[in-house]
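Remarks on the overall topology
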Amino acid sequence: MSYADIAARFAMHGKPVDIQPLGNGLINDTFAVADSVGGRYVLQRINTAVFQDVDALQENLCKITGHIRRCLKERRVEDIDRRVLTPVPAADGEAYVRAQGEVWRMTRLIPDSVTYEQVTPQMAELTGRAFADFHTMLARPDAPDLKETIRDFHNVAFRIRQLGEAMSEDKAGRLAGVSEICNELLSRADEMTLAQRLEAEGKLPRRIAHCDTKLNNILFDADGSILCVIDLDTTMPGFVLSDFGDFIRTAASTVPEDEPDTSRVRVDMDIFRAFARGYIGSATFLTPLERELLPYGAQMLTYMQTVRFLTDYINGDTYYKIKYPEHNLVRTRNQLALLHDIDGRLPEMQEIISK
């Protein structure tokens, strides 16, 4: 069955006349579709190895976009169709299409929109503002209940248990070479599960988090203004400090996460300061404790990713794609160096937040 045959099974206004690859996503395969009456759409093949509960995935998407649309209407925002994703149902009314063992979905393509890859202080501030507004809408009392699309995705305690299991099994015979790193990470387990304990004590609210807070997950208008947050597949119950920390881990690091020279790994505090300014200026829902813990979120997410890379290395590289045998170990050391730099800069981060 061709891509055009798949697209034709959705409730488009016309017939598909052109289909081209779109973007460079690592999980789902994405295509831009043009129809015979000028409509434009985004067609995606869902990676069901990653997202095993497609019903929950699509139910979440419809709930999130529907809620955001209502919020924008209340604000009397103009051109709402360009400021929120719009799912397109299948012609039979279902939320997705199954064909030849694969699962497909469609949304409307937002016209005249652009994404950016290079993180500058200006773009970091805009990103902070965009995700704060996203969180604010989904922190309202009338926000929908969402399901976990990837179970335990940002659950630090779960990731620590996975590391312990990997160490016990030592499938690839690599444990002896990384025992020192393992010991350091495990020694910080209690410190890095603080959020879960605070939630259990009723002190830290579990809200709706995006869980992939990257600059290229925001659509901008041609004039540089924010349109909307995209890539909502991992949007689910979580901590907003995790989203804050995830951006700092990925965007404020001075080098890529597989840079082998750990002496070059550090936090760009101009990026941190700009993102914090954009986020806190718009996140009107934050409790004093959530605000205080935002720098800790950077520690927690960097620690968690260090644990995940190390776990995969010990298991024999079964999860992350690698380019050479020591790739996951290089990533581990890189993220550990970033964690150490965040540790040292925590007082400065806290001062920035407090101001």
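A brief look at the structure comes next. Keep in mind that this is a model prediction, so the values were computed, not measured.

**Observations concerning the overall build of the protein chain**
Summing up its helical and strand segments, the protein chain has 12 helices and 11 strands in all. Relative to the globule expectation of 20 Å for 355 residues, the C-alpha radius of gyration of the protein chain, 21 Å, shows essentially globular dimensions. With the C-alpha coordinates of the protein chain rotated into their principal frame, the extents come out at 60 × 50 × 40 Å. Burial statistics for the protein chain: of 355 residues in total, 52% are counted as buried. Carbon together with sulfur atoms contributes 48% to the accessible area of the protein chain, which is approximately 16600 Å² in total. Positive and negative side-chain charges in the protein chain, numbering 42 and 53 respectively, have mean positions lying 3 Å apart.

**Structural notes on the state of the cysteines**
The full count for this structure, using the stated rule, is zero disulfides. Cysteine Cys-71 shares no disulfide, and the gap to the nearest cysteine sulfur, in Cys-228, comes to 14 Å. By relative accessible area, which is 6% here, Cys-228 ends up buried.

**What to know about the packing of helix α5 (residues 175-187) against helix α12 (residues 327-354)**
Look at α5 against α12: their axes get within 12 Å of each other, and the N-to-C directions meet at 40 degrees. On the basis of their axis angle, the class for α5 and α12 is oblique. Relative to α12, α5 is oriented so that their crossing is left-handed. Facing α5, whose interface residues are Val-178, Ile-181, Glu-184 and Leu-185, α12 presents Leu-329, Thr-332, Arg-333, Leu-336 and His-340. In the contact of α5 with α12, the residues fall into five nonpolar, two polar and two charged.

**Some remarks on the packing of helix α3 (residues 121-138) against helix α9 (residues 269-282)**
Where α3 meets α9, the axes come as close as 7 Å, and the angle between the chain directions of the two elements is 30 degrees. The pairing of α3 with α9 is recorded here as roughly parallel in orientation. Here α3 runs over α9; the crossing is right-handed. Residue-level contacts link Pro-121, Ala-124, Glu-125, Thr-127, Gly-128, Arg-129, Phe-131, Ala-132, His-135 and Thr-136 of α3 to Asp-270, Ile-271, Ala-274, Phe-275, Arg-277, Gly-278, Tyr-279 and Ser-282 of α9.

**Quick notes on the layout of surface pockets**
Estimates place the volume of the second largest pocket at around 530 Å³. Surrounding the second largest pocket, 23 residues form its lining, Phe-158, Arg-159, Gln-162, Arg-308 and Tyr-319 being those nearest its centre. Of all the elements in the fold, those that place two or more residues in the lining of the second largest pocket are α4 (156-169) and α11 (294-315). Per-element accounting of the lining of the second largest pocket gives the leading share, six residues, to α4.

**Concerning the sheet that holds strand β10 (residues 226-229)**
Read across the open sheet, the three strands follow the order β7-β9-β10; overall the sheet is antiparallel. Each having just a single partner strand, β7 (113-114) and β10 make up the two edges of the open sheet. With three bridges joining them, strand β9 (residues 218-221) and β10 adopt antiparallel strand pairing. The residue bridging Ile-218 from the neighbouring strand is Val-229, located in β10. Those strands touched by α3 are β9 and β10, and its axis lies near 55 degrees from that of β10.

**Quick look at the pairing of strand β3 (residues 40-46)**
For β3, a buried count of six out of seven residues is recorded, marking the element as mostly surrounded by other parts of the structure. Strand direction decides the pairing type here: strand β2 (residues 29-35) and β3, joined by six bridges, are antiparallel. Bridge pairing in β3 links Phe-31 to Leu-43. Pairing of β3 with strand β6 (residues 102-108) involves six bridges; the strand directions are antiparallel. Among the inter-strand pairings, Tyr-41 is bridged to a residue of β6, identified as Arg-108.

**Quick word on the environment of Ala-298**
Its location among the elements puts Ala-298 in helix α11. Here the alpha-carbon distance between Ala-298 and Met-349, two residues 51 residues apart in the chain, equals 9.9 Å. For Ala-298, the residues in contact, after removing those within four places along its chain, are Gly-245, Ile-248 and Ile-342.

The rules behind the values
Residues numbered from 1 in each chain as written. Predicted model: local features only at pLDDT ≥ 70, side-chain atom pairs only at ≥ 80, totals over all residues. Heavy atoms only, no water. Helix = DSSP H or I, 4+ residues; strand = E, 2+ residues; numbered from the N terminus. Rg over C-alpha atoms; globule rule 2.2 N^0.38 Å. Buried < 20%, exposed > 50% of the residue type's maximum accessible area, 1.4 Å probe, protein only. Areas by Shrake-Rupley, 256 points an atom, 1.4 Å probe, with all protein chains shown as cover. Lys, Arg positive; Asp, Glu negative; His and termini not counted. Charge placed at Lys NZ, Arg CZ, Asp CG, Glu CD. Disulfide = S-S within 2.5 Å. Axes fitted to C-alpha atoms, helices over the stretch in contact; angles between N-to-C directions. Parallel < 35°, antiparallel > 145°, perpendicular 65-115°, else oblique. Left-handed = near helix turned anticlockwise from the far one by under 90°. Contact = heavy atoms within 4.5 Å. Nonpolar A, V, L, I, M, F, W, Y, C, P; charged D, E, K, R; others polar. 1 Å grid on protein atoms, 1.4 Å probe; cavity = no way out; pocket = protein on both sides within 12 Å on 5 of 7 lines; lining within 4 Å. Points joined across faces, edges and corners; volume = space filled by probe spheres on them. Pairing = 2+ DSSP bridges.

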